[in-house]
Amino acid sequence: MSLDIIITFSVIGLMFLLLMVNWYSAEIIVLSAVILLIWSGILTIPEAFNGFTNEGVLTIASLFIILYTIQQHPAFLKITRIVFGNSQTLQSGLGRMMVVTGSFSSFMNNTPLVVMLTPIVKRWSEKYDIYPSKLLIPLSYAAIIGGMCTLLGTSTNLVVHSLLQKEGQEGFSLFELGFIGVPFFIIAFIYMCLFGHRLLPERTVVHRTDLQKNQFNVEAIITDDFPYIGKTIEQAGLRHLDKGYVMAILRQGECIFPVSPTQKINSGDHLLLIGEETCSEEIKRFDGIIIQPLSMEFSHHVSDLQLIEATIPKDSSYISSCIREIGFRSEHGGVVVAVYRKGQRLNHKVGSIRLKAGDTLYILAGNSEGRYERSTKNLVLLSTHTSVKEIRIRDWIPIFLFGGMLFTVTVGLVEVTHAAITTAIILLLIKSITFDQAKDAIKWDVLFVIGGAFGIAEAMIKTGAAQYLADLLISHMDKVTPFLLLVSVYALTNLLTELITNNAAAVIMFPIAMAFVQELSMNPEPLAVAIAISASASFSTPVGYQTNLLVYSSGQYRFMDFLKAGIPLNLIGFVISMLIIPLIWPLT
């Protein structure tokens, strides 16, 4: 084994370890690994960052822009609101929801789709007295499998498609992966409707109205005897209370919300404190403060606030930070009133809670607060306040352009990359989306992971690490057949995607699989299909796929809930793939 191979394996091993422990976001870990390979002399700068100009990466960036524009269509939210139709039972609602979700997910990013449908699922569940925990995991699964059905359904399919083209192959057609995705979805649909939902727990979720009602429990009046009149909240000692914090101030009929630490206190101010029941006892220790029942005037202002549900994604920079350290009020213009983790409410003081991936936050914000109209990299909104807009003729232009793009790609007139980039540019030219909106629509963390992973794959090929690993495995196996290799590639990729990110797992496994292809004189397409499907088939852990993490805390699930419902689905996907792939894509 050469020194270059040892260095490459060492860097990749360290990268895998950091991705598994989730100390840093995935894009930072992958790009750091690329930098190490540059400094060690394994990669040149052009080789390391060539992936960022790859056709697959450019296509994914363009699709983010296109789909963001479509999702802003005024009719889109109305369409998703009919997801359950007139369904009134668990099985009928579950079936209809999975079909609608899977259909949409075939052509759009599944993460915003699940974000959009989660509050709709909860409201329908509450209306018909059905446990949301019976529906939210199936919602995530339907979005994942639906994305397997087309080339555009998930970024993983596009990445593997680009890697195939780099090997001199044609790549996938628009609906080619549907040979696996559609049968998988049908059997998964039957499984979830007949058996899978029985494996899911019966857990109630937070009732937003109850949470909102029970939080506002202390109103304090500042009298002339208060020694800190004219001082700030922090100077008065009201910033770091053990049992609560000042959420709003009512002053001469006007409500000050949110309250910053530098807000000065006046005589006659009414402070609204949020916290534990013993918060009032803590406030009574201050001279010049009188506790009274919540007044009607404060209740009127409270009703003008909205309670927003959000979750912390696995690549958020907020992970391991206290809410107080983030400066949540100044950063987001709202107040965190409760944090739920693994289905349980954390009873610590909110400001001192260190956030983890999957935490659900309940945030109070003003109804006119624009910062809560969309998700960000650090905070994914599961419910927002969105005003209803009138539909204009020009609002349909992105829909028609997207349909035209799909048609031209399907009939083979243009490559998917050319069609996607052209459509995105046209949308910018006709001002269906602004340049700033386009920048925000692109999920840069996803592109950085994919681009960086291409650099890792280049190092494996250049140093011979992929070939060395293939030779090593072949020498320790009595007889490697093409089918046995297909089974092994699928199983290993599926295991990796449950531990790290789906795109990184696909890009790293691809050169290893291609090294086997050369040894056994195989057709590379079946292995590429196996990698694309297995990299997306993350059902057994809440951290393997972003949509699983989104519903994890929102449905008050436990880790074991994903294992119970997900492992059978992983096995179903494996069996379907092993039966169909050799029939459609010859192994040799």
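Residues numbered from 1 in each chain as written. Predicted model: local features only at pLDDT ≥ 70, side-chain atom pairs only at ≥ 80, totals over all residues. Heavy atoms only, no water.

## Observations regarding the overall build of the protein
The condition that has to hold: Counting from the N terminus, the helices are the DSSP runs of H or I reaching at least four residues and the strands are the DSSP runs of E reaching at least two. Throughout, exposure labels follow a simple rule: accessible area from a 1.4 Å probe, protein chains only, divided by the maximum for the residue type, with under 20% read as buried, over 50% as exposed, and the rest as partly exposed. In these tables, accessible area is a Shrake-Rupley quantity obtained with a 1.4 Å probe, and a residue counts as shielded only by the protein chains included in the view.
Counting its secondary structure elements, the protein contains 25 helices and 10 strands. In the protein, which comprises 588 residues, the share counted as buried stands at 57%. Element-wise, carbon and sulfur atoms account for 60% of the exposed surface of the protein, whose accessible area totals about 25000 Å².

## Overview of the side chain of glutamate 27
How we decide: Contacts are assigned to residue pairs with any non-hydrogen atoms lying within 4.5 Å of each other.
When you line up the elements, glutamate 27 lands in helix α2 (residues 26-39). Glutamate 27 sits in the buried class, given a relative accessible area of 8%. What glutamate 27 contacts, discounting residues up to four positions off in sequence, is Asp315, Lys377, Asp445, Phe448 and Val449.

## Here's the deal with the side chain of threonine 232
Here threonine 232 shows up in the loop between β1 (216-222) and β2 (244-251). Residue contacts for threonine 232: discarding those within four places in its chain leaves Pro261, Thr262, Gln263, Lys264 and Ile265.

## Structural notes on α2
Filter applied, for reference: Helices are assigned an expected span. That span is 1.5 Å times one less than the residue count.
Between the first and last C-alpha of α2 there are 20 Å, a value that for 14 residues agrees with the 20 Å anticipated at 1.5 Å per step. Those residues of α2 that fall on the buried side of the exposure criterion are Ala26, Glu27, Ile29, Val30, Ala33, Val34, Leu37 and Ile38. Its buried side turned inward, α2 meets α1 (3-21), α3 (45-49) and α19 (444-463). The positive-phi residue at the C-terminal boundary of α2 is glycine 41, with phi of around 85°.

## Quick notes on the pairing of β2
Formally: A pair of strands is considered paired only if DSSP assigns at least 2 bridges between the two.
Counting buried positions along β2 gives 8 out of 8 residues, so the element sits mostly inside the fold. Here β2 pairs with strand β3 (residues 254-256) via 3 bridges, running antiparallel. Paired with arginine 251 across the strands is glutamate 254, a residue of β3. Between β2 and β3, which follow one another and run antiparallel, lie 2 residues, and glutamine 252 among them has a positive phi close to 50°.

## So, the packing of helix α4 (residues 55-71) against helix α9 (residues 155-166)
The line we're drawing: Here an angle of 0 to 180 degrees is reported between the N-to-C directions of two axes, which are lines fitted to C-alpha atoms, with helices fitted over the stretch in contact. Between 65 and 115 degrees an angle is taken as roughly perpendicular, under 35 as roughly parallel, over 145 as roughly antiparallel, and anywhere else as oblique. Take the far helix as the reference: if the near one is turned anticlockwise from it by less than a right angle, the crossing is left-handed, and if turned clockwise, right-handed. Classes in brief: Ala, Val, Leu, Ile, Met, Phe, Trp, Tyr, Cys and Pro nonpolar; Asp, Glu, Lys and Arg charged; the others, Gly included, polar.
Contact geometry of α4 with α9 gives a least axis separation of 8 Å together with a crossing angle of 150°. Classified by the angle between their axes, α4 and α9 sit roughly antiparallel to one another. The chirality of how α4 crosses α9 is right-handed. Facing Glu55, Gly56, Thr59, Ile60 and Leu63 of α4, the residues of α9 in contact are Ser155, Leu158, Val159, Ser162 and Gln165. Class assignment for the residues of the contact of α4 with α9 results in 4 nonpolar, 5 polar and 1 charged.

## Quick look at the pairing of strand β7 (residues 335-341)
With respect to burial, β7 is a largely interior element, 7 of its 7 residues being buried. Note that β7 and strand β8 (residues 344-345) share 2 bridges and pair antiparallel. Bridge assignment links tyrosine 340 to a residue of β8, and that residue is arginine 345.

## Let's talk about the packing of α9 against helix α22 (residues 502-520)
Two numbers describe how α9 lies on α22: the axes approach to 9 Å, and their chain directions differ by 20°. As far as their axial angle goes, α22 and α9 are roughly parallel. Read as a crossing pair, α9 and α22 show a hand that is right-handed. Touching Ser155, Thr156, Val159, Val160, Leu163 and Leu164 of α9 are Asn502, Asn503, Ala506, Val507 and Phe510, all from α22. By residue class, the composition of the contact of α9 with α22 is 7 nonpolar, 4 polar and no charged.

## Quick look at the pattern of salt bridges
Spelled out, the test is: Every case where a carboxyl oxygen of Asp or Glu lies within 4 Å of a side-chain nitrogen of Lys or Arg is listed as a salt bridge.
Taken as a whole and assessed by the stated rule, the structure comprises 7 salt bridges. Glutamate 47 is the partner of lysine 462 in a salt bridge, and the nearest nitrogen-oxygen pair spans 2.8 Å. Note that lysine 462 is positioned in helix α19 and glutamate 47 in helix α3, a separation of 415 residues in sequence. Linking lysine 439 and aspartate 436 is a salt bridge whose minimum nitrogen-to-oxygen distance equals 3.5 Å. Placement of the pair is lysine 439 and aspartate 436 together in helix α18 (residues 435-441), with a separation of 3 residues, close to one helical turn. Residue class for aspartate 436 comes out partly exposed when judged on its relative accessible area of 49%.

## Regarding empty space enclosed by the protein
Short version of the rule: Definitions used throughout: a 1 Å grid over protein atoms alone; a cavity as a set of points that fits a 1.4 Å probe which cannot get out; a pocket as an open set with protein on both sides within 12 Å along at least five of seven lines; a lining residue as one with an atom within 4 Å of a point. Grid points are joined across faces, edges and corners, and a volume is the space filled by probe spheres set on the points.
Scanning all chains against the criterion turns up 2 cavities of 30 Å³ or more. By residue class, the composition of the lining of the largest cavity is 6 nonpolar, 1 polar and 2 charged.

## Some words on a nonpolar patch on the surface
Applied cut-off: Put simply, a patch holds well-exposed residues, over 30% relative accessible area, that have no salt bridge, with like charges counted together within 9 Å and Val, Leu, Ile, Met, Phe, Trp or Tyr side chains within 5 Å.
Judged by side-chain polarity, Leu14, Leu17, Met20, Val21, Trp23, Tyr24, Ile28, Leu36, Leu492, Leu495 and Leu499 come together as a nonpolar surface patch covering roughly 1100 Å² of accessible area. Of all the secondary-structure elements, those providing two or more residues to the nonpolar patch are α1, α2 and α21 (482-499). Here the nonpolar patch takes 4 residues from α1, the largest share from any one element. One can find leucine 492 in helix α21.

## Observations regarding the packing of aromatic side chains
The geometry of an aromatic ring pair is captured by two quantities: the separation of the ring centres and the angle between the planes. Condition: Pairs were defined over the aromatic rings of Phe, Tyr and Trp, the Trp ring being its six-membered one, requiring ring centres within 6.5 Å. Orientation was assigned from the angle between planes: stacked under 30 degrees, edge-to-face over 60, tilted for the rest.
This model, assessed by the stated rule, comprises 14 aromatic pairs. Summarising the aromatic geometry, the rings of phenylalanine 184 and phenylalanine 539 are spaced 5.9 Å apart at their centres and angled 90° between planes, so their arrangement reads as edge-to-face. Remark: phenylalanine 539 occurs in the loop between α23 (524-536) and α24 (546-554) and phenylalanine 184 occurs in helix α10 (residues 178-194); sequence separation between them is 355 residues. The same class applies to phenylalanine 184 as to phenylalanine 539, namely buried. Ring centres 5.7 Å apart and planes at 65° place the aromatic pair phenylalanine 226 and tyrosine 228 in the edge-to-face group. An aromatic cluster is defined as three or more aromatic residues linked by ring pairs; in this entry it consists of Phe49, Phe52 and Phe448.

## Thoughts on helix α16 (residues 397-410)
For clarity, the threshold we go by: What the arc covers is the set of directions going from the helix axis to the C-beta atoms.
The end-to-end C-alpha separation of α16 is 20 Å, in line with the 20 Å expected for 14 residues at 1.5 Å each. The complete set of buried residues in α16 reads Pro398, Phe402, Met405, Leu406 and Val409. End-on, the buried residues of α16 take up no more than an arc of 95°, which puts them together on one face. With respect to the buried face of α16, the exposed residues turned more than 90 degrees away are Phe400 and Phe407. Contacts made by the buried residues of α16 are with α4 and α17 (416-429). Of the residues one or two after α16, glycine 412 is the one with positive phi, at around 85°.

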